[in-house]
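Tertiary structure, described
So you can see what is in the structure, the chains are spelled out below.
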Amino acid sequence: DTEVTQTPKHLVMGMTNKKSLKCEQHMGHRAMYWYKQKAKKPPELMFVYSYEKLSINESVPSRFSPECPNSSLLNLHLHALQPEDSALYLCASSHITGQSTGELFFGEGSRLTVL
Amino acid sequence: GENVEQHPSTLSVQEGDSAVIKCTYSDSASNYFPWYKQELGKRPQLIIDIRSNVGEKKDQRIAVTLNKTAKHFSLHITETQPEDSAVYFCAASRDDYKLSFGAGTTVTVRA
């Protein structure tokens, strides 16, 4: 299994809603990532978990709250978002090697629209 | 932090011709340089990568070259086909799991 699975594929939420994005992989990867991608732009790193612990937070606003319940799952909890947060949210995973980031395996993404 | 510049932003080639995309990076400590391809509405996928101890790497029609002294690396696609049409992102990283992406190149292969 070389897939990273993300749910939901599409999400529309109001600014007062609370929702969660979910990501799952069964490749034994111990690094998992959340990226945000706007149209026609490169992915922007948000969070990195290594060995289920948050290792990188790229100064992301607290209305985004990541969670890594176990080595296969990664969640992104959303609360009080703004319309400018509308984007494609990509989950990725990789092996942890001695030489920085290995190949990132991306999920298909969750397309979020904030009204 | 690392800054990666990518050129050109768009590239149109005739089927069968070659395509070249160039990237420069700022952090001399960067040691990993992957290239990702993202088709419209799809996920980014790694197509080739190179580490700083290697100057060139080839995989069928795709090759990457790295010049550490000049801090630039390039993607070469030969014998382009319609399925090569996509957005290509270069990236650079040091030993910290942060990939810095270039702005992307939209490649269109004309039949």
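What counts and how
- Residues numbered from 1 in each chain as written.
- Chains lettered and ligands numbered in written order.
- Predicted model: local features only at pLDDT ≥ 70, side-chain atom pairs only at ≥ 80, totals over all residues.
- Heavy atoms only, no water.
- Phe/Tyr/Trp six-rings, centres within 6.5 Å; stacked < 30°, edge-to-face > 60°.
- Helix = DSSP H or I, 4+ residues; strand = E, 2+ residues; numbered from the N terminus.
- Buried < 20%, exposed > 50% of the residue type's maximum accessible area, 1.4 Å probe, protein only.
- Contact = heavy atoms within 4.5 Å.
- Buried area = accessible area lost by both parts, 1.4 Å probe.
- Salt bridge = Lys/Arg side-chain N within 4 Å of Asp/Glu carboxyl O.
- Polar contact = N/O pair within 3.5 Å; in protein donor to acceptor, adjacent residues only side chain to side chain.
- Nonpolar A, V, L, I, M, F, W, Y, C, P; charged D, E, K, R; others polar.

The subject of this paragraph is the packing of aromatic side chains. Summed over the entire model, instances satisfying the criterion amount to 11 aromatic pairs over all chains. Geometrically, the ring pair formed by B:Phe89 and B:Phe101 is edge-to-face, given 6.2 Å between the ring centres and 85° between the ring planes. A residue pair is termed long-range when its members are at least 10 positions apart, and B:Phe89 in strand β9 (residues 86–92) and B:Phe101 in strand β10 (residues 100–101) qualify at 12 residues. Residue class for B:Phe89 comes out buried when judged on its relative accessible area of 2%. Clustering of aromatic rings is evident, with ring pairs tying together A:Tyr33, A:Tyr35, A:Phe106, B:Tyr36, B:Phe89 and B:Phe101.

Looking now at the interface of chain B and chain A. Counting residues at the interface gives 21 residues for chain B and 25 residues for chain A. The junction of chain B with chain A conceals about 2000 Å² of combined surface from both sides, 53% of it contributed by carbon and sulfur atoms. Broken down residue by residue, the surface that chain B buries against chain A is led by B:Arg43, B:Tyr97 and B:Phe101, which jointly contribute 40%. Here chain B and chain A share three salt bridges between them. A salt bridge links B:Lys98 to A:Glu58; the shortest N-O distance between them is 3.1 Å. On inspection of chain B and its partner chain A, the count reaches six residue pairs in polar contact (both at pLDDT 80 or more). Contributions of two or more residues to the side of chain B that touches chain A are made by β4 (32–38) and β5 (45–51) of chain B. With three residues, the single largest contributor to the side of chain B that touches chain A is β4(B). Tallied by class, the residues present in the side of chain B that touches chain A amount to nine nonpolar, five polar and seven charged.

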